[in-house]
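Below, each chain spelled out in residue letters.
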Amino acid sequence: MSQYDEGHTLAGWIGVAVATVGCSGLGAGICLHSAALIVAGLAVTVASVLVTWTLHLTGWGKPSGIRPRDQWGMRVRDLSALEGHPDCWGCRLAGRGRGRRTADSEAPVGAAAAPVAGAAGEREPVAVGAER
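Rules behind the numbers
Residues numbered from 1 in each chain as written. Predicted model: local features only at pLDDT ≥ 70, side-chain atom pairs only at ≥ 80, totals over all residues. Heavy atoms only, no water. Helix = DSSP H or I, 4+ residues; strand = E, 2+ residues; numbered from the N terminus. Buried < 20%, exposed > 50% of the residue type's maximum accessible area, 1.4 Å probe, protein only. Areas by Shrake-Rupley, 256 points an atom, 1.4 Å probe, with all protein chains shown as cover. Contact = heavy atoms within 4.5 Å. 1 Å grid on protein atoms, 1.4 Å probe; cavity = no way out; pocket = protein on both sides within 12 Å on 5 of 7 lines; lining within 4 Å. Points joined across faces, edges and corners; volume = space filled by probe spheres on them. Nonpolar A, V, L, I, M, F, W, Y, C, P; charged D, E, K, R; others polar. Disulfide = S-S within 2.5 Å. Axes fitted to C-alpha atoms, helices over the stretch in contact; angles between N-to-C directions. Parallel < 35°, antiparallel > 145°, perpendicular 65-115°, else oblique. Expected span 1.5 Å × (residues − 1).

Colleague: Sorry if this is basic, but what is going on with the overall build of the protein chain here?
Modeller: A count of helices and strands for the protein chain gives 3 helices and 0 strands. Taken from N to C terminus, the helices and strands of the protein chain fall in the order α-α-α. Of all 132 residues assigned to the protein chain, the portion counted as buried reaches 20%. Total accessible area on the protein chain is roughly 9800 Å²; 65% of this is exposed by carbon and sulfur atoms.

Right, dumping it as structure tokens:
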């Protein structure tokens, strides 16, 4: 048995199911030479991406990496999706996660805030490969 959940989520399963229906319609349209079926199949396939993305953003997906064992179930929502996952392309497209603007970045040009010693989030520079 695997040591982690391998990404089995409600967003993943529903997205694959909708994409399967879309690809099946597309394939039937190609076989039957039906432009209407081809267009419908393409539309459903594109909709599968949007459905999966929406479900991911509402917490029914999962972040990258390994989740704790108590969060492996498909019916467990990931509430960290509301802030955005750190290295998630989908979260960044939605304006969440690492690419968000902070109050300091919204300051007018030339009015840079001076760093406060010991401020939260302040890091000391460390050389690459150096031990902490």
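Additional details are given in the paragraphs that follow.
Colleague: I would appreciate a short explanation of the side chain of serine 48 in the present structure.
Modeller: Tracing the sequence through the fold places serine 48 in helix H2 (residues 35-60). Once you skip the residues sitting within four places of it in the chain, serine 48 turns out to touch Gly15, Val18 and Ala19.

Colleague: Looking at this model, I keep getting lost on unusual backbone geometry. Mind explaining?
Modeller: Among all residues except glycine, the phi angle is most often negative; among peptide bonds, the trans geometry is most common. A positive phi is found at histidine 33, a non-glycine position, where the angle reads about 55°. Residue position: histidine 33 is located in the loop between helix H1 (10-32) and H2.

Colleague: Teacher, can you tell me more about the layout of surface pockets here?
Modeller: A volume near 220 Å³ is recorded for the largest pocket. Forming the boundary of the largest pocket are 13 residues, of which Thr52, Trp53, His56, Cys88 and Gly90 lie nearest the centre. Tallying contributions element by element places H2 first for the lining of the largest pocket, with 4 residues. Each residue belonging to the lining of the largest pocket can be placed in one class, and the counts come to 6 nonpolar, 6 polar and 1 charged.

Colleague: What is the right way to look at H2 in this model?
Modeller: Each α-helix turn comprises 3.6 residues. Residues three or four places apart therefore point the same way. Among all positions of H2, only Gly41, Ser48, Leu55, His56, Leu57 and Gly59 are buried. The inward-facing, buried residues of H2 contact H1 and helix H3 (89-93).

Colleague: Help me out: how do you make sense of the state of the cysteines in this one?
Modeller: Here, disulfide denotes a covalent bond that connects the sulfur atoms of two cysteines. Inspection of every chain in the model, using the stated rule, returns 0 disulfides. Lacking any disulfide linkage, cysteine 91 is separated from the closest cysteine sulfur, that of cysteine 88, by 3.5 Å.

Colleague: Hey, could you run me through the packing of H1 against H2 in this one?
Modeller: A pair of packed helices is captured by two measures, namely the crossing angle of their axes and the spacing between those axes. It is the contact of H1 with H2, at a shortest axis distance of 7 Å, that shows an interaxial angle of 175°. Judged by the inter-axis angle, H1 sits roughly antiparallel to H2.

Colleague: Mind showing me how you'd approach H1 here?
Modeller: With 23 residues, H1 extends 33 Å between its outermost C-alpha atoms, agreeing within 8% with the 33 Å of an ideal straight helix rising 1.5 Å per residue. Along H1, the residues that are buried comprise Ala11, Gly15, Gly22, Gly25 and Gly29. Considering only its buried residues, H1 is in contact with H2.

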